[in-house]
Amino acid sequence: MITFDNVSKKYDNDQVAVNAINLEIKKGEFFVIIGPSGCGKTTLLKMINRLIHLTEGTIRINGKRISDYNIHELRWNIGYVLQQIALFPHMTIEDNIAVVPELKKWSHPQIQKRVRALLEMVGLEPDKYSQRKPNELSGGEQQRVGVVRALAADPEIILMDEPFSALDPISRTKLQDDLLELQRAIQKTIVFVSHDMHEALKLGDRICVMKDGQIVQIGSPQEILQQPSNDFVKEFIGVKEHAFNVFDIHQIIEPIANDDVAHTVSSKDSLQSLLHQLAQHEWLAVEEEGDIIGGITRQAMLQFLAKDASQRGEVNG
Ligand SMILES: Nc1ncnc2c1ncn2[C@@H]1O[C@H](COP(=O)(O)OP(=O)(O)OP(=O)(O)O)[C@@H](O)[C@H]1O
Ligand SMILES: [Mg+2]
């Protein structure tokens, strides 16, 4: 769907921000880019919708070079959430969200309906918020508007640059959950930049770890956790032997219906073995002394591993 073929970006000051990247992002994939400040994440993202011009290589969307697209066609069909909130200050919240649908000439009632649904989705009561100006909203509320604005015209691709960074942990978790649900329902291709490994593990179908303009590792959350390709990745994810010592399967078991059919594991299985099996199966049924005592999901496992890391203060973010 989106392919990078030997793509580099060198800024005028000779700074090589992105260095010979090869990458294939699949249709419907939730692709998370993570790495330290200055490693080239924003640059990589902005090259996709031509906000930044690449200096070498080729980016293609659905097989067609981005340079061959009409710029409007490209931008209108790619939702974009900037790292800094950038709502139009003189326009109401409703008009801010409606920018691209207006450009695409949607009907007025259709636009109004869409705006209401989007505001509701992020917990902003339409009657209360739609006619306000951005400076009458808190920073976190503005950020939520920024997120739904990117979804407004139902684009195929959504680029999100640390969209939840200014939110409190509760709103942040809620928006992450909403976004996951949304992506499962409508299968958008999402390229999401994050500083936060917990967030990356939770959201990503695949995670791309960057350093100094290059890709260090790409893999599923399980692969990144199980087989970090080097010490940099290990340190970044903050998952060390400790996770294996404190693991207790009972902490992450959830109740399941008796007649659910699933791959079954023993409550005595090692963390390593459970990770291997979760790489194959979305969730596992857990047997103890002949009874099925519950189930574990990938999500619950990843949350355990990530929480363990962040609690020890080793995760950047
Ligand atoms: N317009 C510019 N001109 C020159 N250098 C730039 C420009 N924009 C970014 N850079 C440099 O390119 C590198 C990559 O920047 P980029 O914004 O892509 O990083 P990032 O990974 O998004 O960082 P952060 O996590 O802090 O947002 C940095 O070293 C930065 O200083
Ligand atoms: Mg950035």
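Residues numbered from 1 in each chain as written. Chains lettered and ligands numbered in written order. Predicted model: local features only at pLDDT ≥ 70, side-chain atom pairs only at ≥ 80, totals over all residues. Heavy atoms only, no water.

*Asks:* Even after reading the chapter, I still don't get the UniProt feature "domain: ABC transporter" (unreviewed entry) in the chain, so can you show me in this structure?
*Replies:* UniProt marks residues 2-237 with the feature "domain: ABC transporter" (unreviewed entry), using the numbering shown here. Secondary structure over residues 2-237 splits into 39% helix and 25% strand, and the C-alpha atoms at its two ends are 26 Å apart. (UniProt positions renumbered as here; feature names shortened; annotations may be inferred. Helix = DSSP H or I, 4+ residues; strand = E, 2+ residues; numbered from the N terminus.)

*Asks:* Would you mind showing me how to read the sheet that holds strand β4 (residues 56-61) here?
*Replies:* Paired through their backbone hydrogen bonds, the strands of a sheet run either parallel or antiparallel. Strand order in the open sheet formed by four strands is β2-β1-β4-β5, and the pairing between neighbours is antiparallel. Each edge of the open sheet carries a strand with a single partner, namely β2 (16-25) and β5 (64-65). Note that strand β1 (residues 2-10) and β4 share five bridges and pair antiparallel. Looking across to β4, one finds that D5 is bridged to T58. On the sheet, helix α1 (residues 41-48) packs against β1, β2 and β4 and is oriented at approximately 120° with respect to β1. (Pairing = 2+ DSSP bridges. Contact = heavy atoms within 4.5 Å. Axes fitted to C-alpha atoms, helices over the stretch in contact; angles between N-to-C directions.)

*Asks:* Where do I start with the sheet that holds strand β10 (residues 214-219) in this structure?
*Replies:* Taken in spatial order, the six strands line up as β6-β7-β8-β3-β9-β10 in an open sheet, and their pairing is mixed. A single partner strand is all that each edge strand has here, and the edge strands are β6 (78-81) and β10. The mean inter-strand angle of the sheet, taken between neighbouring strand axes irrespective of direction, is 15°. Relative to strand β8 (residues 189-194), strand β3 (residues 30-34) is paired through five bridges, and the arrangement is parallel. Directly across from F31, in β8, lies its bridge partner V191.

*Asks:* Is there a simple way to explain the site of ligand 1 in this structure?
*Replies:* In the neighbourhood of ligand 1, 15 residues make up the surrounding shell, with S37, G38, K41, T42 and T43 lying closest. G40 is positioned such that a nitrogen or oxygen atom in its backbone is 3.0 Å from an oxygen atom of ligand 1. The contact in question runs from an oxygen atom of ligand 1 to an N or O atom on the side chain of K41, over 2.7 Å. Isolated, ligand 1 exposes 640 Å² of accessible area, and the fraction of that covered by the protein chains is 66%. Tallying contributions element by element places α1 first for the shell around ligand 1, with three residues. Partitioning the shell around ligand 1 into residue classes produces four nonpolar, nine polar and two charged. (Near = heavy atom within 4 Å. Polar contact = N/O pair within 3.5 Å; in protein donor to acceptor, adjacent residues only side chain to side chain. Areas by Shrake-Rupley, 256 points an atom, 1.4 Å probe, with all protein chains shown as cover. Nonpolar A, V, L, I, M, F, W, Y, C, P; charged D, E, K, R; others polar.)

*Asks:* Honestly, unusual backbone geometry in this entry has me stumped. Any pointers?
*Replies:* Note: most peptide bonds trans; most residues except glycine with negative phi. At N6, a residue that is not glycine, the phi angle is positive and equals roughly 55°. Position of N6 among the secondary structure elements: in strand β1. On the basis of relative accessibility, which here comes to 37%, the residue N6 falls in the partly exposed class. Phi angles above zero are rare outside glycine, and E289 is one such case at about 45°. By the secondary structure assignment, E289 is in the loop between β12 (283-288) and β13 (291-297). Residue E289 is classed as exposed on the basis of its relative accessible area, which comes to 74%. (Buried < 20%, exposed > 50% of the residue type's maximum accessible area, 1.4 Å probe, protein only.)

*Asks:* Whenever I open this one, the domain arrangement of the chain confuses me. Can you help?
*Replies:* The accessible area lost on association of the parts is a frequent measure of interface size. Looking at the chain, the domain boundaries give domain 1 (2-237) and domain 2 (241-311). A straight line from the C-alpha centre of domain 1 to that of domain 2 covers 31 Å. Between domain 1 and domain 2, the buried area comes to about 970 Å², and carbon and sulfur atoms account for 62% of it. The largest contributions to the domain 1 side of the interface with domain 2 come from H198, Q222 and Q226, which together make up 54% of the buried area. Applying the counting rule to domain 1 against domain 2 returns zero salt bridges. Taken together, domain 1 and domain 2 are joined by one residue pair in polar contact (both at pLDDT 80 or more). Secondary structure elements with two or more residues in the side of domain 1 that touches domain 2: α8 (169-186), α9 (197-203) and α10 (221-226). In terms of residue count, the dominant contributor to the side of domain 1 that touches domain 2 is α10 (four residues). (Domains from an automatic or database assignment. Buried area = accessible area lost by both parts, 1.4 Å probe. Salt bridge = Lys/Arg side-chain N within 4 Å of Asp/Glu carboxyl O.)

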